[in-house]
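# Residue-level structural notes
Given next are the chains, with one letter for each unit.
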Amino acid sequence: MHSMLDMRGLLCLRRTDADGGAMTTNYFGYAGKILFINLSTGEIRKDPLDLADARKFLGGLGINNRLAYDLIKPGLDPLSPGNPVIIGAGPLIGTMVPGASRTIATSKFPLSGAVSAGSGSMTFGFNMKRAGYDHIVITGASEKPVYVYIDDDSVQVLDASGLWGRDNYDAVDQLWKRHGRCSSISIGQAGENLVKFSLALVDKMATIGRAGFGAVMGAKKLKAVLVRGNGGIKVADPKGFMHEVNTLFHRAKSYKLHSAAVAYGILNAGGSFMLGDEGPYGLNIYNKVKKDRIACPSCFIADKDVLVVSEGELGGMKTYTHSFGMVATAAMKGTITDYAKATRIVNMLNRYGLGHQEFDSMFELILEASETKVLREDQIGAVGRNYETMHDLIEKIVFRRGIGDVLAEGWMATASEFGLDTNRFSSHVKGLGTQFDPRERGLGTMEFEQLVNPRGGHHQSGGSPSYNQGAPVEMFERHVDRMGAPPDAVRRIMDSPFGFNVGRFTRYSEDWFAVFDSLGICIRSQNNRFYSADVCARLFSTATGIPVDKEALMEAGERVWNLYRALNWREGFTRKDDTPPPKWFEPLKAAGSEFEMKDYFQTRKLTREDLEQLLNDYYDERGWDPATGCPTREKLTALGLDNIVKDFEARGLL
Ligand code: SF4
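These numbers come from a predicted model, not from an experiment.

Thresholds, definitions, all that
- Residues numbered from 1 in each chain as written.
- Predicted model: local features only at pLDDT ≥ 70, side-chain atom pairs only at ≥ 80, totals over all residues.
- Heavy atoms only, no water.
- Salt bridge = Lys/Arg side-chain N within 4 Å of Asp/Glu carboxyl O.
- Helix = DSSP H or I, 4+ residues; strand = E, 2+ residues; numbered from the N terminus.
- Pairing = 2+ DSSP bridges.
- Axes fitted to C-alpha atoms, helices over the stretch in contact; angles between N-to-C directions.
- Contact = heavy atoms within 4.5 Å.
- 1 Å grid on protein atoms, 1.4 Å probe; cavity = no way out; pocket = protein on both sides within 12 Å on 5 of 7 lines; lining within 4 Å.
- Points joined across faces, edges and corners; volume = space filled by probe spheres on them.
- Nonpolar A, V, L, I, M, F, W, Y, C, P; charged D, E, K, R; others polar.
- Domains from an automatic or database assignment.
- Buried area = accessible area lost by both parts, 1.4 Å probe.
- Polar contact = N/O pair within 3.5 Å; in protein donor to acceptor, adjacent residues only side chain to side chain.

### So, the pattern of salt bridges
A side chain of one charge can pair with a side chain of the opposite charge when the charged atoms of the two come close. Evaluation of the coordinates by the stated rule reveals 46 salt bridges. Its salt-bridge partner being D47, residue R45 comes within 3.0 Å of it at the nearest N-O pair. The partner of K223 in a salt bridge is E192, with the nearest N and O atoms 2.6 Å apart. Linking K223 in strand β13 (residues 222–228) with E192 in helix α5 (residues 189–192), this pair joins segments that are 31 residues apart in sequence. One salt-bridge network, in which partners are shared between bridges, spans D488, R492, R504, D617, D620 and E621.

Pasting the structure below:
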C-alpha cells in the first residue's frame, strides 16, 4: 500500500493571498481563490474567495451550492452551455486531516434534471488547493474538443481533438505523457456521446457524478481537467490542529477492525460486503487479480485496488476499483464464472465512463422485459444473463447503437419509447436508480435517504449504523449524539416503536454529511466513524481561524442542505417526487423466499401509510412544510437565507 503523493511539506506556511499577493486577506485552510473559465469566450478569471461565504457555507458542497444558486437558471437544459461545472474542495483538503480528499462536482445532471452534487476522492482537490483554488467554475461550451490544464497560476484551455474518442485511461495516459503526472477529472466515450448516466473519473480511479456528469462535460466538449499544485495550505493554529490530527490517527490505528479494513478494502471491513474467501466470487480469487492498493492523500485505510489480469486472452488488462464487490456484482449479475471476464466488464464501464449502478439496473430491466415478453427479440436482440449480453449492451449504450440509443437516455426515455411501466421494472426516485432495497435489509437510513435526497435515489448522505445489519439500538443513540443532534432531538428519534425513527434520524445524517462534503472529509464509514461534531468543529476552527462550536458547525450543515433542497424546489421538485418506488411494497422474490419491506429491526411489515408518516416526521424534524416537503419562510430566515426568501417570494413559491 502506498499513498499517491508524498505527504511531506503539507503544512508549509505559504502565504495564500488571492490575486498573487495584491490582496491583503490572509487565508487559513482556504486557498483563497475561485477560478472561472468560460469555454465559449475563452475568458479566465480569478476571484478572491469571500470569507463571509466561507463562514456561512464552509466550502466544498456548501459554497458549490451557493455558486449554483446564482449560476444555474431554473429550467436550464443540463446539456446547454449555460449549465456550469462547479468543482469544490473544502478547507481541510490539502492538510493532514485523515481522508480529507473529497472533491465535489455540482451541476444540473441530465438523468434526473436535478441540481446535483457528485463526490469523488483521490488527489484532484488536493492539487487544486495547492494550486491556489478552492473552487473551479467552468461555463460555456467549446466548438472543438478541449481540456483545461492548470499548473499553479497558469491556466490554459488546450486542444483535445486527438483525445476525443479515446477512453478514460487512454486519454489520461496521453495527457500524463504530455504534461507529467498530475490530477485529472476525465470522461470516456459515454460522456462524449452524452449518455445520461455517464460519469467522470478522478485520477482514473474514483468515479464522480453517476447521473450524467460525464455528459455535462461532453456537451461542453470538455475531455478533461488537469491540475497540478506546488503550494501548500496554511493553517491558523498549527499546534492545536496537529493535536486533533494526531489524536485521529492514534484512534484509527487502535481500531479493532483497522487491519481488516486495510486487508479487504474499506467497504468490506464491516462485513456487509463480505462474500467469504472461497467460492467463485470470494476474496481468494479477487486477490489473484489485485496487485496493489492505493490511498488518497492522508487516508489511514485506503480502498482503491489496482487489478491486473495476468494470463489468458485478457492477460495484461489493468483496471481499478474501490471494492472487490464491484467485480463480484458484475460476475453474479451476468452469472460469469470466468473472473477475468467479470473484471473486463468493470474495466469497460470504467474506461467508457458509464455509471455502474445505472448500467446494472438497465441490464435487469432488459432481462425482465425480455423474460416477460414485454420487449421482443426484434426490438432488443437475443439477451440472456451472461457476459455476452452485458458486453454487447455496454457497447450499444456507449456508442448509441440500435436500442442503445434509447437506453442511453435513461429510465424515463426508455419507458416512454417502449410503453413500459418503469415502476414495474425498476426502483428509482426522481429518475435516479436506488441501490439499497429495504426489502433486503430493512428500512435503514440509507434506504430512506434515497427518497428525500435532492438529487434523486442516492443513499450516501443517509449513512449510519444501519449500513450494517444487526447493529444494537444503543449504537443509533450514540451515533446521533456524535453527529451533534441536540438532546431533545435524540429523544424524539429514539422514541419510536421501530427502535429509532428513521425519518427524524435521516435529517441529522444529511446535515452531518453536508458538513463532511463541505469540509472535504471522506464520508466512507470506516473513516467518518472516528469523527464527531466536536472534532470537526475543532479541526475547522484550528485550520481556518474561524471559531465555531459544534452547534454552529451543524447549523452550517443544515444551511447547506436547505440550500440544496431550495435549489431543486426552484426546479419544481417537491414532496410528490419523494414518493417511494411502488416495488418496495411488493414482495421481493429471491432464493426461493419472499421478502417484504420492514423496519431496520424487522419489527413488522411497513405499509404506505407508515412511509408517509416517516416522511412527515422527516419534514417535521427539518422544520419544513409537510405539504410541499420544502423549507418554510421561517426556516430559511432562521438560517440566514433571506435572499432565498426574497427570490422565492418573487417566484410565488413562498
Ligand atoms: S477511504 Fe478510500 S475514498 Fe476515502 S480517503 Fe481513503 S482511499 Fe480515499
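### Brief notes about the sheet that holds strand β12 (residues 206–208)
Taken together, the six strands give an open sheet; going across it, the order is β9-β8-β13-β10-β11-β12, and neighbouring strands pair in mixed fashion. On the outer flanks of this sheet lie β9 (154–159) and β12, each paired with one strand and no other. The mean angle between the axes of side-by-side strands here comes to 20°, regardless of whether they run parallel or antiparallel. The sheet contact formed by strand β8 (residues 146–151) and β13 spans six bridges and is parallel. Directly across from V148, in β13, lies its bridge partner V225. Along the sheet, helix α3 (residues 124–131) contacts β8, β10 (183–186), β11 (200–202) and β13; its crossing angle with β13, the most-contacted strand, is approximately 60°. Where helix α4 (residues 168–179) meets the sheet, its contacts fall on β8, β9, β10, β11 and β13, and the angle it forms with β13 comes to roughly 45°.

### Overview of the layout of surface pockets
In this structure, the second largest pocket spans a volume of roughly 260 Å³. Around the second largest pocket, the lining is made up of 15 residues, and of these V289, V309, E311, D338 and A340 lie nearest the centre. Of all the secondary-structure elements, those providing two or more residues to the lining of the second largest pocket are α9 (283–289) and α11 (339–352). Considering only residue class, the lining of the second largest pocket consists of seven nonpolar, two polar and six charged.

### Some remarks on the domain arrangement of the protein chain
What the domain assignment reports for the protein chain is domain 1 (2–228), domain 2 (238–332 + 343–351), domain 3 (356–422) and domain 4 (432–650). One C-alpha centre belongs to domain 1, the other to domain 3, and the line joining them spans 32 Å. Counting from both sides, the interface comprises nine residues of domain 1 and, opposite them, twelve residues of domain 3. For the pairing of domain 1 and domain 3, the buried interface totals around 1000 Å² over both sides, and the portion due to carbon and sulfur atoms is 60%. Taken together, the links from domain 1 to domain 3 amount to two salt bridges. Across the salt bridge formed by R210 and E358, the nearest N and O atoms sit 2.7 Å from each other. Counting the contacts that link domain 1 with domain 3 gives six residue pairs in polar contact (both at pLDDT 80 or more). Its residues assigned to classes, the side of domain 1 that touches domain 3 comprises five nonpolar, two polar and two charged.

### Re empty space enclosed by the protein
Scanning all chains against the criterion turns up three cavities of 30 Å³ or more. Space inside the largest cavity adds up to approximately 140 Å³. Forming the boundary of the largest cavity are 14 residues, of which A117, H458, Q460, S461 and D517 lie nearest the centre. Contributions of two or more residues to the lining of the largest cavity are made by β6 (115–120), α22 (502–519) and α25 (550–569). Element by element, the count of residues in the lining of the largest cavity is highest for β6, at three residues. For the lining of the largest cavity, the class distribution of residues is six nonpolar, six polar and two charged. Two domains share the lining of the largest cavity, each providing at least three of its residues, namely domain 1 (2–228) and domain 4 (432–650). Taken as a whole, the second largest cavity holds about 90 Å³ of empty space. In terms of lining, the second largest cavity is formed by 13 residues, of which the most central are C296, C299, D303, C522 and R524. For the lining of the second largest cavity, a count of residues per class yields five nonpolar, four polar and four charged.

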